[in-house]
There are 2 protein chains.
Amino acid sequence: MMTTHFADRLFEATREKKSHVVAGLDPRAELMPPELIRKALRRRGDSPEAMAEAIVEFNAAVIDAVADLVAAVKCQIAYYECYGVAGLSAYRRTIRLARDHGLIVIGDVKRNDIGSTAKAYAMAHLRDDAAHNDDRLASDFHVDAITVNPLFGADGVLPFVERAARSGSGVFVLVRTSNRTSGQLQDLQCNSRPFHRHVASLVQEWGEGFVGKQHYSLLGAVVGATFPAQLKELRAAMPGIPFLIPGFGAQGGGVADAIEGFDRHGGGALVSSSRALIYAFRNGRYASDRGGDAFKDAVRAATEDMRSALWEGVRRKR
Amino acid sequence: MMTTHFADRLFEATREKKSHVVAGLDPRAELMPPELIRKALRRRGDSPEAMAEAIVEFNAAVIDAVADLVAAVKCQIAYYECYGVAGLSAYRRTIRLARDHGLIVIGDVKRNDIGSTAKAYAMAHLRDDAAHNDDRLASDFHVDAITVNPLFGADGVLPFVERAARSGSGVFVLVRTSNRTSGQLQDLQCNSRPFHRHVASLVQEWGEGFVGKQHYSLLGAVVGATFPAQLKELRAAMPGIPFLIPGFGAQGGGVADAIEGFDRHGGGALVSSSRALIYAFRNGRYASDRGGDAFKDAVRAATEDMRSALWEGVRRKR
């Protein structure tokens, strides 16, 4: 039974691996190695089941390639959900493969709803070690932490936090997302502060009762690397809140941007990247002529590059 | 191939059934008929698979009881997701059962993400009749309409709208939710208008290019019955946007509240209720001493009461 505080586990993994990197396991048919997909389709015919098989094979290779270089992995559930029940079986299998490698797994699910429904989502995605052992419930999608959308306010977020607290799990609330049009609502000026600063205040308040030994809460924030000035301001506004920083690599954020999210001790944040790492074999810099599982070498090389660039950047900031 | 515009289909069903009611198929173990759960557990042992079986049996009975009394059914996916892969198989099966009864099905999924990921979610939950027939993709979770969270702005919402337009499907964006703490963020004053009014303006703008014969868009809004004054204002602010109104019944909204969401012709809105309908056998007014499937009679009676009260209330408003 794992009851160590989530933030303590997260930053322990960072130190142990010397890595602030979270690799995104986002299986996209149009980007995965075509050979691997063709093989699965030959075996099982054109079907979601074949795609699910290809996804698990791809993820197993990626996990094997990056396990010692990343602090955690993150699975974007949408890329599994689009293959229906078969795809979500692949999601379940991927979580287990990552766990078998000792990895912390973040479920990027962005769930949200009114209180009673938020509770059901929390049951779906987070463990509860205090619950009497109920064999009727499923642990299929249980991960170490999930992302959550804050629009419903406290009673849409706290059910996740309370359940996470009972199992050493974590919750990352969307504060400022990395996409192009995120400012349409998130940057609105509300009572002379941008909307996302109000979300930040709530996250700070909600997280206070759930702080671990290293002074970080199990309640974290998602803040994109694509808006570095806001990332810096939000870091100052939310001491004790771990940051999950997407938008690095393919989405445009670089090391100089991402390090704005770290505290002055070089802690408190993880940076996630998916496309630039797991599809690195499509990048001239890492491409290989060898077929087969040569893509693994590219994944590993790209992840090592991101790991060392980020580690060095954060070190220099201290 | 169904290519009739979503809003036209929706309001045609309203007229045909003389009903503004959407019945919520939200299977909750603690509220379902205990006998039905015990039977499934005896057959399959304490397991998510047994619960999934009980859920399908319960939903089949409810669908059969309400099919001619409701304009649509709505499935809250969280109550399936918490039973993992087995639960989502029950979600798939429930969608098919409702379709077999000719019902419009709304997937209450509240998905949201950056553009590329929103596209994957759209593929998961909505059909695309213009796509070449791709057997690799799953239609497991395809429904007539889904709910979507607007926090990411245009590029998190339009991928859903564009896909919906290619299959006569619909999208309901959260504008003002029905829960207690929804005002924490949704009522913030931003540039002298509440936050939810900014969401409303975006929905109005996004929906304009997608209007059907009856002057309603395929893009709709979720606005809770629990804040009737705002419901009235939002109805005026969003002409041509169909409303899906939750918060009726168990959450506190009544007929007088809900009718604020209808237009002056008595159209443009549907009202959803879950607990007060499908668990009506727990309500003294509808309770029955008979065991077995007597709960169906209570479901039917409660749905008929809501249907006629709402139909009459809306008629008086015209």
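So, a few notes on the structure that sits alongside this text. The shown structure was predicted, so the numbers you read here are calculated from the model rather than taken from an experiment.

Parameters at a glance
- Residues numbered from 1 in each chain as written.
- Chains lettered and ligands numbered in written order.
- Predicted model: local features only at pLDDT ≥ 70, side-chain atom pairs only at ≥ 80, totals over all residues.
- Heavy atoms only, no water.
- Salt bridge = Lys/Arg side-chain N within 4 Å of Asp/Glu carboxyl O.
- Helix = DSSP H or I, 4+ residues; strand = E, 2+ residues; numbered from the N terminus.
- Buried < 20%, exposed > 50% of the residue type's maximum accessible area, 1.4 Å probe, protein only.
- Disulfide = S-S within 2.5 Å.
- Pairing = 2+ DSSP bridges.
- Axes fitted to C-alpha atoms, helices over the stretch in contact; angles between N-to-C directions.
- Contact = heavy atoms within 4.5 Å.

### Description of the pattern of salt bridges
Residue and element names in this part refer to chain A.
Here comes step 1: Enumeration over the complete set of coordinates arrives at 55 salt bridges over all chains.
Here comes step 2: Between Glu57 and Lys39 there is a salt bridge, and its shortest N-O distance comes to 3.3 Å. One end of the pair, Glu57, is in helix 3 (residues 48-66); the other, Lys39, is in helix 2 (residues 34-44), with 18 residues separating them in the sequence.
Here comes step 3: By relative accessible area, Glu57 is classed as partly exposed at 29%.
Here comes step 4: What emerges from the salt-bridge pattern is a single network uniting Lys39, Arg43, Arg44, Glu53 and Glu57.

### Focus on the state of the cysteines
Here comes step 1: A complete count under the given rule lists one disulfide over all chains for this structure.
Here comes step 2: Disulfide partner of Cys190(A): Cys190(B), at an S-S distance of 2.2 Å. Torsion about the S-S bond of the Cys190(A) and Cys190(B) cystine: about 85 degrees, corresponding to right-handed handedness. Taken together, the positions of Cys190(A) in strand 6 (residues 189-190) and Cys190(B) in strand 6 (residues 189-190) put the pair across two chains. Judged on exposure class, the residue Cys190(A) and its partner Cys190(B) are both buried.
Here comes step 3: No disulfide involves Cys75(A); its nearest neighbouring cysteine sulfur is the one of Cys82(A), lying 14 Å away.

### As for the sheet that holds strand 10 (residues 269-273) of chain A
Adjacent strands of a sheet pair through backbone hydrogen bonds, lying either parallel or antiparallel.
Residues and elements named next belong to chain A.
Here comes step 1: Read around the closed barrel, eight strands run 1-2-3-4-5-8-9-10, paired in parallel fashion. Neighbouring strand axes in the sheet, compared pairwise and without regard to direction, differ in orientation by 30 degrees on average.
Here comes step 2: One ladder, built from three bridges, connects strand 9 (residues 243-245) with strand 10; its direction is parallel. The residue of strand 10 that forms the bridge with Leu244 is Leu270.
Here comes step 3: The strands touched by helix 10 (residues 228-237) within the sheet are strand 5 (170-176), strand 8 (219-223) and strand 9, with strand 9 carrying the most contacts at an inclination of about 170 degrees.

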